Amino acid sequence: MNDFSNKMVMITGASSGIGLEFAKVFAQEGCHLILVARSSDKLHQAANELGVPCEVLPADLSKEDEVRRIAEIAKGQGVDVLINCAGFGILGTEAETSLSDELSMIQLNVVAMHMLTKTFLPQLCEKNSGAILNVASVAGLLPGGPHMNTYYATKAYVASFTEGLACELRESGSDVYVGALCPGPVKTNFMVNAGATEGFGIGVEECVAYAMKKMRKGKTLIVPSAKVRFGLFMTRFLPRSLVLKFVGSFQKNKK
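A short tour of the structure in this document, coming up. (Residues numbered from 1 in each chain as written. Predicted model: local features only at pLDDT ≥ 70, side-chain atom pairs only at ≥ 80, totals over all residues. Heavy atoms only, no water.)

## Examining the packing of helix H3 (residues 64-74) against helix H4 (residues 99-127)
Between H3 and H4, the shortest axis-to-axis distance is 10 Å and the interhelical angle comes to 25°. Relative to H4, the element H3 lies roughly parallel. In the packing of H3 onto H4, the handedness of the crossing is right-handed. Across the interface between the two elements, Glu64, Val67, Arg68, Ala71 and Ala74 from H3 touch Gln107, Ala112, Met115, Leu116, Thr119 and Phe120 from H4. Grouping the amino acids of the contact of H3 with H4 by side-chain chemistry returns seven nonpolar, two polar and two charged. (Axes fitted to C-alpha atoms, helices over the stretch in contact; angles between N-to-C directions. Helix = DSSP H or I, 4+ residues; strand = E, 2+ residues; numbered from the N terminus. Parallel < 35°, antiparallel > 145°, perpendicular 65-115°, else oblique. Left-handed = near helix turned anticlockwise from the far one by under 90°. Contact = heavy atoms within 4.5 Å. Nonpolar A, V, L, I, M, F, W, Y, C, P; charged D, E, K, R; others polar.)

Structural data, given as structure tokens:
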């Protein structure tokens, strides 16, 4: 999908970080936006600043009935582009972390993404145009993530689901684009919210600009940052046990 101008774009997790940056970029393309996140105040503030028509839909997508409510509101509005960006992580061992928190994370990172994709995909396929970008993580392309174990597993689901779906669409000759954005660390509040000491990594502007560039080229797995791409490539030549040890050490140092 090369031309995003004047499209109807739905973005989850749109109140901050990567989701908000996507909203800014699509606003510059003259798109109409449907903004979804938990914070009504932040969404309305963003909508007021973006300068394009926006529908604000506050919702907690870690609750299945809220996902269904949002899907029902939005599915009749001719969505052309869906950005599944809502998600969070939890830093800690499985013995330490809360079961209820992890179930909420699975619901948001996996189930909400799956449900919204399944809601809008048939519409896009019917008109044979449009795009879905699921925000995963480089974490989803690694063997596992000690000390953020469940988060890594959720992002592996997102990456695997998206890559398989993209293959199905190519085999059918569809012009619908589906991709997974798999960044390494990005300078947002994500890691702070996960329980780490501070946010770090590449800037959100760099991350989203790279994602948009690769979406236009039809790239399925999008990994911003040359350093992260090189590191990911090198893991192919290392024993999985060594990669897991390195990842675990990296996560422990975030505390």
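## Structural notes on the sheet that holds strand E6 (residues 177-181)
Taken together, the seven strands give an open sheet; going across it, the order is E3-E2-E1-E4-E5-E6-E7, and neighbouring strands pair in parallel fashion. Each edge of the sheet is formed by a strand with only one pairing partner; in this case those strands are strand E3 (54-58) and strand E7 (221-222). Judged from the five bridges that link them, strand E5 (residues 131-135) and E6 form a sheet pairing that is parallel. Its bridge partner being in E6, Ala131 is matched across the sheet by Tyr177. Where helix H1 (residues 17-28) meets the sheet, it contacts strand E1 (8-12), strand E2 (32-37), strand E4 (81-84), E5 and E6, and its direction lies at approximately 165° from that of E1. (Pairing = 2+ DSSP bridges.)

## Re the environment of Ser225
Here Ser225 is to be found in the loop between E7 and helix H8 (226-234). The spatial distance from the C-alpha of Ser225 to the C-alpha of Pro185 is 9.5 Å, given a sequence separation of 40 residues.

## Re the packing of aromatic side chains
Summed over the entire model, instances satisfying the criterion amount to five aromatic pairs. Geometrically, the ring pair formed by Phe4 and Phe26 is edge-to-face, given 5.5 Å between the ring centres and 80° between the ring planes. Highlighted residues: Phe4 in the segment before E1 and Phe26 in helix H1, separated in sequence by 22 residues. A relative accessible area of 0% means that Phe26 is categorised as buried. Measuring from centroid to centroid gives 6.1 Å for Tyr157 and Phe161, while their planes differ by 15°, and the two rings are stacked. Taken as a pair, Tyr157 and Phe161 lie in helix H5 (residues 149-171) at a separation of four residues, close to a single helical turn. An aromatic cluster is present here, built from Phe4, Phe22 and Phe26 joined pairwise through their rings. (Phe/Tyr/Trp six-rings, centres within 6.5 Å; stacked < 30°, edge-to-face > 60°. Buried < 20%, exposed > 50% of the residue type's maximum accessible area, 1.4 Å probe, protein only.)

## Describing the pattern of salt bridges
Tallied over the full model, the rule gives five salt bridges. The shortest N-O distance in the salt bridge between Arg216 and Glu29 comes to 2.5 Å. Separated by 187 residues along the polypeptide, Arg216 in helix H7 (residues 204-216) and Glu29 in the loop between H1 and E2 bring together distant segments of the chain. The exposure class assigned to Arg216 is partly exposed, which follows from its relative accessible area of 27%. Among the salt bridges present, the one from Lys127 reaches Asp80, with a minimum N-O distance of 2.7 Å. Of this pair, Lys127 sits in helix H4 while Asp80 is found in the loop between H3 and E4, placing the two residues 47 residues apart along the sequence. Looking at Lys127, the relative accessible area reads 37%, which means it is partly exposed. (Salt bridge = Lys/Arg side-chain N within 4 Å of Asp/Glu carboxyl O.)

## Looking at the nonpolar core
In this structure, Met10, Ile34, Val36, Leu61 and Leu116 are the most contacted members of the largest nonpolar core, which totals 46 residues. Residue assignment for this core shows that the elements contributing at least two residues are E1, E2, H3, H4, H5, E6, H8 and helix H9 (240-252). Ranked by residue count, the leading element in this core is H4, at nine residues. For Ile34, the contacting residues outside a window of four places in its chain are Met8, Val9, Met10, Ile11, Glu55, Leu57, Ala74, Gln77 and Val79. Judged by nonpolar contacts, the second largest core, of 36 residues, contains Ile11, Val81, Ala131 and Ala211. (Core = buried A, V, L, I, M, F, W, Y, C linked by side-chain atoms within 4.5 Å.)

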